[in-house]
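Geometric and topological summary
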Number of protein chains: 2
Amino acid sequence: MWNDTSRTDASATVTPKTGYHHGDLRAQLIAAVRDLVETHGPDGFSVAEAARRAGVSSAAPYKHFKDRPEILRGVVSEAMDRLRLVMEAAAAAHPTGSLEAVAAIGLAYVDFARAEPGVFRLVFSLTEGHEDAPDLQTKGEGCFGVLVQAVAACLDLPPGNPDVQRRSYMLWSFVHGHSFLNIDMKTKVTTAEIDDWGYLMTISRAILAGSAQS
Amino acid sequence: MWNDTSRTDASATVTPKTGYHHGDLRAQLIAAVRDLVETHGPDGFSVAEAARRAGVSSAAPYKHFKDRPEILRGVVSEAMDRLRLVMEAAAAAHPTGSLEAVAAIGLAYVDFARAEPGVFRLVFSLTEGHEDAPDLQTKGEGCFGVLVQAVAACLDLPPGNPDVQRRSYMLWSFVHGHSFLNIDMKTKVTTAEIDDWGYLMTISRAILAGSAQS
DNA sequence: GCCAATATGTGAGAGGTGCTAACTTTAGTC
DNA sequence: GACTAAAGTTAGCACCTCTCACATATTGGC
């Protein structure tokens, strides 16, 4: 099993195959699908088009993926890896246990959604074959775990503490909703535009300072 | 223009046509699509299958809708009407200006998402032809307006007040994110399950009481 | 009441898509 | 060098979207 998804550098948009065997088809298909999802929306993608972009026949993808949903799952998996990385990097840029670290994680999340709205939407719209993909579940929990760690450090409590979990979930809900609303009505938020950093700091403070109940 | 979407009662699942002319095809197609979206996921729907359910040929739908996205937009439009209604009803069940009214609106929102996760997701996943449908935009703002009204009454400020707008948006983000996370990992929220009402009351209080900045 | 005009249905069909089957080429192993 | 498995190919079925030409109701003007 060679799940080497990240072998190609992301900048290589179209690297035609070098012979009969492509050598890097799987990764390149994922990259092509990611691009298609981003430009033509989550539905405006077809396996055939992705194969065309990679310069192979329309049947070739099925040597690497069972079916269409599995390709999308591949894209989601790769996206979740990247999301986790930017979240961790954001947290690492601030002192451990600081409110800024928590807010920075949220900002990274929002920025990711804004940078790749199509992929972001795809991550949270996988209904078909979502359950028979425990690795995605695991990766999702991994992302959440980054936030939980920061919150736990901030409150000086263990990550397993119910209060930590609850407040983390509240923060996540908030950031998640903000991200979605943000990419849905892009730049047209009905009200005045929002300074994300101040916004997230305010939210983080409110949620981490308030009393816990219910 | 006869946009009479709500002529059929929702309980009539399959009302076969009565003659050559169907008489109520448009509404029944929307109902069929709504059901398909709910049971087979937002992607597992086809115009042909919807037509089959309504007992007409696969070309008939195109007499009522320009193309596939327009049918989905019809479903979304109808869903937004219903969403607004339940939000208004929830608000009306509590004293004007009370915190309970605000929380009840949020609960109605979450309940809607839980009751019709497929449709709910569809509402917020329309990328194709989303912009050339100003009525959907308007209806979305209408739903938001219900919340804004309640918040304004609660704070005793006019609805146009920037602070009212900001806090409403915060609440909306929260409820929206909670709804999405809720239907994504159904009942498996990693942490202990959540009492929605207490949760929403806590949030509403925190957001409406806290100081406004940024 | 009659007759256009229009609305709403039908079947046939072009072109695209998902996926499979059977075959061919390449790479790795003994 | 032969065998095997991996990774491509073409051909093709079933389905889907959408259009076109045609058939049939409904409606409004006279």
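Below is a summary of the structure that appears in this document. (Residues numbered from 1 in each chain as written. Chains lettered and ligands numbered in written order. Predicted model: local features only at pLDDT ≥ 70, side-chain atom pairs only at ≥ 80, totals over all residues. Heavy atoms only, no water.)

**Brief notes about the overall build of chain A**
The criterion, for reference: Helix numbers and strand numbers start at the N terminus; a helix is a DSSP run of H or I with at least 4 residues, a strand a run of E with at least 2. Partly exposed describes any residue whose relative accessible area lies between the buried limit of under 20% and the exposed limit of over 50%, with all areas from a 1.4 Å probe on protein chains only and scaled to the type maximum. Whether two residues are in contact is decided by their heavy atoms: any pair within 4.5 Å suffices. Accessibility throughout is a Shrake-Rupley quantity obtained with a 1.4 Å probe, and a residue counts as covered only by protein chains that appear here.
The helix and strand tally for chain A stands at 8 helices and 0 strands. Listed N to C, the secondary structure of chain A is α-α-α-α-α-α-α-α in terms of helices and strands. In chain A, buried positions account for 51% of the 214 residues. Long-range pairs, those at least 24 residues apart, make up 67% of the contacts in chain A between residues at least 6 apart in sequence. Total accessible area on chain A stands at roughly 9900 Å², and carbon and sulfur atoms take up 57% of it.

**Focus: the packing of helix α1 (residues 25-40) of chain A against helix α3 (residues 68-92) of chain A**
Residues and elements named next belong to chain A. Threshold: Geometry is summarised by axes, namely lines fitted to C-alpha atoms with helices restricted to the contacting stretch, and by angles between N-to-C directions that run from 0 to 180 degrees. Every angle not falling under 35 degrees, over 145, or within 65 to 115 is termed oblique; those three ranges are roughly parallel, roughly antiparallel and roughly perpendicular. Under the grouping applied here, Gly and all other residues not named as nonpolar or charged are polar, the nonpolar ones being Ala, Val, Leu, Ile, Met, Phe, Trp, Tyr, Cys and Pro and the charged ones Asp, Glu, Lys and Arg.
Packing of α1 against α3 leaves a shortest axis separation of 9 Å and a crossing angle of 85°. On the basis of their axis angle, the class for α1 and α3 is roughly perpendicular. Seen from α1, the contacting residues are Ile30, Val33 and Arg34; seen from α3, they are Ile71, Leu72, Gly74, Val75, Glu78 and Arg82. Its residues assigned to classes, the contact of α1 with α3 comprises 5 nonpolar, 1 polar and 3 charged.

**Structural notes on the pattern of salt bridges**
All names here are of chain A. Rule in force here: Any carboxyl oxygen of Asp or Glu within 4 Å of a side-chain nitrogen of Lys or Arg constitutes a salt bridge here.
Scanning the entire structure with this criterion turns up 26 salt bridges over all chains. One salt bridge connects lysine 139 with aspartate 81, and the closest N-O pair in it is separated by 3.1 Å. You can see lysine 139 sitting in helix α6 (residues 134-155) and its partner aspartate 81 sitting in helix α3, a full 58 residues away along the chain. Judged by relative accessible area, which is 25%, lysine 139 ranks as partly exposed. In this structure, the salt-bridge partner of aspartate 163 is arginine 167, at a minimum N-O distance of 3.0 Å. Pair noted here: aspartate 163 and arginine 167 are both in helix α7 (residues 162-184), with a separation of 4 residues, about one helical turn. With relative accessibility at 7%, the residue arginine 167 sits in the buried group. It is possible to trace a salt-bridge network through shared partners that takes in Arg34, Glu78, Arg82 and Glu116.

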